[in-house]
Amino acid sequence: MVSDNLQEYLRGFARAGEPWPELPRPDPVGTSWWREFLGRTAPGERFAELREGFPQLWLPTAEGQRQSPDYQRLVLRGEAPTEEVRARAPVLRDPEGLAISLEENPCGAMPVLRVRDREDFLFLLHALAHHGEPVPVGEGVHAQALGGVIHWGIVRAEGPRARARLILLHHSPYGSVPASEVPGEWSEEGWSEASDALRLEHELTHQATKALLGEMRINLLDELVADTMGMIHALGFFDAELFRKCLGARPDGTAIPGARLPTYTAGLGEEDAANAVRLCLERAAEIEAAGRAGRIPADRWERLRWLVGLRLDLPVEG
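**Q** So what's going on with helix α9 (residues 220-235)? Which residues, and what values?
**A** Its 16 residues give α9 an end-to-end C-alpha distance of 21 Å, which sits within 8% of 22 Å, the value for a rise of 1.5 Å per residue. Most of α9 sits inside the fold, with 14 of its 16 residues counted as buried. Between the side-chain oxygen at the start of α9 and the backbone nitrogen of Leu221 there is a gap of 2.8 Å, and the oxygen is on Asn219. Note on α9: the residue one or two positions beyond its end, Gly236, has a positive phi of about 90 degrees.

Structure representation (C-alpha cells):
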C-alpha cells in the first residue's frame, strides 16, 4: 500500500497540463548589474570585482560565520571591509579557472560561475549558499542553483528586497562518473567538457520548471527531467544506466556514499524512498526506450513539455 507521504511525492508537476506562459519570460532582477559587470571587467579582474557585490567572499568558511561581527557588518549591513579583513581574505586556489558568463535563456538570463578547482567550488558554495558555514557537501555534488543571495550591487541598484540568482558549476565528470563508464568513446577531458554542458542544461531546466510551472522541487522526477534534458543536450541521447550512475544509485537502488541521491529522498521513510528510487529507475529505462524509438520530441521546449507530463508511478507512453 502506498503511504500518503509517498503518494504526494509521486504526484508529478501539478500544472503540467496547463498552457505555458508566453516566452521569452522577463529577465530576473539583477540581470542589468551582471551585464554591466561583464561589460566593464576583464576575466582576470572579476573575482576582485565580484567581492564588491558579494562581500561574503571576503570571509573564510567557518563555524558560526553567519553570526560573526564581520558577517553582520559586511553582508547584512553592506559596510566596506576593513584592511584587516582584506588582509586575511580567502583567495581562489585556481583563479584562472574561474569563468563568469550570463547565459541568455527564454526563461530569463542566468549568471553562471564556473570553477575548475573543487576547493574553490566548495568555498563559493559555502559563502553564497550557506552564509559561510561549513555545511557538508556530497562528493557527487558539482553544481548548485542559488537564489535569494544578498548582493549589494543589486540591492543598491534595484532596492533593499532585491536578491541575486545564479548558477555555480564545478568543471568535473558529471556525478563523479569516469569517462570509461559513459557510452561512446570519451577522453576524461572530453567527458568533463560534456559534463559542463549537461550540468548547465540541468540547472536551466530546474529554472524553467519554476518559471513555467511554478515548481522547482527536491524530487526524483525533477532530477530525471533535468538529467534527460541535460544528456540529450550534451550527448545527443539519454541513457538510463548512465543516469543511475550519475545519480549515485547502485543497481539495487541503494545510494553510493557521498552521492546526491539521498538529497532527493530525505523526506521519505526507508521503504518509501526505496520505492521512489525503483520507480524512478523504471521510468528512466522507459525514457531511454522512447528515445531509441524516436518518440522524444526533438524541439527543446516540446521535449520539456513532454517530460514534465510524466509521473514516477505511471509508465511512460508515447
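After that view of the structure, there is still more to cover.
**Q** Would you mind going over the side chain of Ser195 in detail, with residue names and values included?
**A** Within the secondary structure, Ser195 is located in helix α8 (residues 188-213). Owing to a relative accessible area of 0%, Ser195 belongs among the buried residues under this scheme. Non-local contacts of Ser195, meaning those with residues more than four positions away in its chain, are made with Ser172, Pro173 and Tyr174.

**Q** If you had to explain the nonpolar core to someone new, which residues and values would you point to?
**A** Counting residues in each nonpolar core, the largest one holds 53 residues, and the members touching the most others are Tyr9, Trp191, Leu220, Phe238, Phe243, Leu304 and Leu312. If you list the elements that add at least two residues to this core, you get α1 (4-9), α8, α9, α10 (240-247), α11 (270-292) and α12 (300-308). With 29 residues, the next largest nonpolar core counts Leu50, Leu125, Leu146 and Leu166 among its residues.

**Q** Run through the pattern of salt bridges, naming residues and quoting values.
**A** With the rule as written, the count across this model stands at 28 salt bridges. Between Arg283 and Glu286 there is a salt bridge, with its nearest N and O atoms 2.8 Å apart. Of this pair, Arg283 and Glu286 both sit in helix α11, separated by three residues, roughly a single helical turn. Accessibility expressed as a relative area gives 23% for Glu286, which makes it partly exposed. Here Glu288 makes a salt bridge to Arg292, at a shortest N to O gap of 2.9 Å.

**Q** Hey, could you go over the environment of Ile218 for me, with residue numbers and the actual values?
**A** Its location among the elements puts Ile218 in the loop between α8 and α9. The spacing of Ile218 and Arg260 is 42 residues in sequence and 11 Å in space, taken between C-alpha atoms. If sequence neighbours within four positions are ignored, Ile218 has contacts with Tyr9, Thr263 and Tyr264.

**Q** Quick rundown of the sheet that holds strand β2 (residues 110-115)? Include the residues and the values.
**A** The strands that make up a sheet pair up through hydrogen bonds in the backbone, lying either parallel or antiparallel. If you walk across this open sheet you meet the four strands as β1-β2-β4-β3, and the pairing is mixed. The sheet is open, and its two edges are formed by β1 (99-103) and β3 (143-149), each paired on a single side. When strand polarity is set aside, the average angle formed by the axes of neighbouring strands in this sheet is 25 degrees. Two strands pair when backbone bridges link them, and β2 and strand β4 (residues 164-170) are joined in this way by four bridges, in the parallel orientation. Across the sheet, the residue bridging to Val112 is Ile167, located in β4. Across the sheet, α8 is in contact with β1, β2, β3 and β4; its angle to β4 comes to roughly 155 degrees.

**Q** So, the packing of α9 against α11: which residues are in play, and what are the values?
**A** Following both chains from N to C, one finds α9 and α11 inclined at 25 degrees, their axes separated by 10 Å at the closest point. If you check the angle between α9 and α11, you find them roughly parallel. Read as a crossing pair, α9 and α11 show a hand that is right-handed. Of α11, the residues touching α9 (which contributes Leu220, Leu224 and Thr228) are Ala276, Val277, Cys280, Arg283, Ala284 and Ile287. A class-by-class count of the residues in the contact of α9 with α11 yields seven nonpolar, one polar and one charged.

**Q** Requested: an account of the packing of α9 against α12, with residues and values cited.
**A** Two elements in contact, α9 and α12, have axes separated by 10 Å at closest approach and are oriented at 155 degrees. One element, α9, and the other, α12, form an angle in the roughly antiparallel class. Both α9 and α12 take part in a crossing whose hand is right-handed. Contacts from Val225, Thr228, Met229 and Ile232 of α9 reach α12 at Arg300, Arg303, Leu304, Leu307 and Val308. When its residues are assigned to classes, the contact of α9 with α12 shows six nonpolar, one polar and two charged.

Thresholds, definitions, all that
- Throughout, residues of each chain are indexed from 1 in the direction in which the sequence is written.
- A pLDDT threshold of at least 70 governs which residues receive local features in this predicted model, and a stricter bar of 80 or more applies before side-chain atom pairs are shown or counted, although totals over entire chains, interfaces and linings include all residues.
- Side-chain numbers come from the whole structure's heavy atoms, not from hydrogens or water.
- Strands are runs of DSSP state E lasting at least 2 residues, helices are runs of H or I lasting at least 4, and numbering of each runs from the N terminus.
- Here the expected length of a helix is defined as 1.5 Å per residue gap, with one fewer gap than residues.
- The buried label goes to any residue with under 20% of its type's maximum accessible area, the exposed label to any with over 50%, and the partly exposed label to all in between, with areas taken from a 1.4 Å probe on protein chains only.
- Under this definition, polar contacts are N or O atom pairs within 3.5 Å; protein pairs additionally need one hydrogen-donor-capable and one acceptor-capable atom, and for neighbouring residues in sequence, both atoms have to be side-chain atoms.
- In this description, contact between two residues means that some pair of their heavy atoms is separated by no more than 4.5 Å.
- For this analysis, a nonpolar core means a set of buried residues of the types Ala, Val, Leu, Ile, Met, Phe, Trp, Tyr and Cys, connected via side-chain atoms within 4.5 Å.
- Within this document, salt bridges are pairs made up of a side-chain nitrogen of Lys or Arg and a carboxyl oxygen of Asp or Glu, the two lying within 4 Å of each other.
- Only strands joined by at least two bridges in the DSSP assignment are considered to pair.
- What counts as an axis is a line fitted to C-alpha atoms, over the stretch in contact for a helix, and the angles between N-to-C directions run from 0 to 180 degrees.
- For this classification, under 35 degrees means roughly parallel, over 145 means roughly antiparallel, 65 to 115 means roughly perpendicular, and everything else is oblique.
- Helix crossings fall into two classes, left-handed where the near helix is turned counterclockwise from the far one by less than a right angle and right-handed where it is turned clockwise.
- Each residue receives one of three labels: charged for Asp, Glu, Lys and Arg, nonpolar for Ala, Val, Leu, Ile, Met, Phe, Trp, Tyr, Cys and Pro, and polar for the others, Gly being one of them.

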